[in-house]
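Results of the structural survey
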Amino acid sequence: MKIDGREIAGLPGVPRPGFARPGDRVRRSAESSGAQPPDQLSLSDRTVRVSDLQPALSALPAVRAELVARLKEQIARGEYQVDPHRLADRLLRAGVIAE
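The residue numbers shown here count from 1 along each chain, following its written sequence. The predicted origin of the model limits local features to residues at a pLDDT of at least 70 and limits the giving and counting of side-chain atom pairs to 80 or more, whereas totals for whole chains, interfaces and linings rest on all residues. Computation of side-chain values: all heavy atoms of the structure, hydrogens and water removed.

**Topic: the pattern of salt bridges**
- The term salt bridge refers to a pairing of a side-chain nitrogen on Lys or Arg with a carboxyl oxygen on Asp or Glu at a separation within 4 Å. Taken as a whole, this structure holds three salt bridges when the rule is applied.
- Across the pair Arg77 and Glu73 runs a salt bridge whose closest N-O atoms are separated by 3.9 Å. You can see Arg77 and its partner Glu73 sitting in helix 3 (residues 65–77), four residues apart, about one turn around the helix.
- Each residue gets one of three labels from its accessible area relative to the maximum for its type: buried under 20%, exposed over 50%, partly exposed in between, using a 1.4 Å probe on protein chains only. Taking the relative accessible area as the measure of exposure, Arg77 reaches 49% and is therefore partly exposed.
- Two residues, Glu79 and Arg77, come together in a salt bridge whose shortest N-O distance is 3.0 Å.
- One network of salt bridges, in which partners are shared, links Glu73, Arg77 and Glu79. Numbering of helices and strands runs from the N terminus; a helix is a DSSP stretch of H or I covering at least four residues, while a strand is a stretch of E covering at least two.

This is the structure we're talking about:
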């Protein structure tokens, strides 16, 4: 097998041409001032809205495993009944649906 510089350039641990190695000094061109602009962070409106919900989510009660298990059993047996009027009322009050 013949290996030349072109074939080993992509191997791990082999320096690639044009890239600095650890410990190398990096030279800047004459037109480069060396000063870099400060980092900036821009959040989307959606991200801001989601972060605004965090306090409300923290205030919610923890999932009650025993209640969830009991409801799952009732659903599996076909015994769980939903009052459609009560459900609609709660959806309206929560703003999930509009009148």
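There's plenty left to go through after this.
**What to know about the layout of surface pockets**
- Lining residues are those with an atom within 4 Å of a point, where the points come from a 1 Å grid over the protein atoms alone and group into cavities, where a 1.4 Å probe fits but cannot get out, or pockets, open sets with protein on both sides within 12 Å along at least five of seven lines. Grid points are joined across faces, edges and corners, and a volume is the space filled by probe spheres set on the points. By volume, the largest pocket is sized at about 170 Å³.
- Forming the boundary of the largest pocket are Tyr80, Gln81, Val82, Asp83, Arg86, Leu87 and Arg90.
- Each residue receives one of three labels: charged for Asp, Glu, Lys and Arg, nonpolar for Ala, Val, Leu, Ile, Met, Phe, Trp, Tyr, Cys and Pro, and polar for the others, Gly being one of them. Of the residues belonging to the lining of the largest pocket, the class tally is three nonpolar, one polar and three charged.

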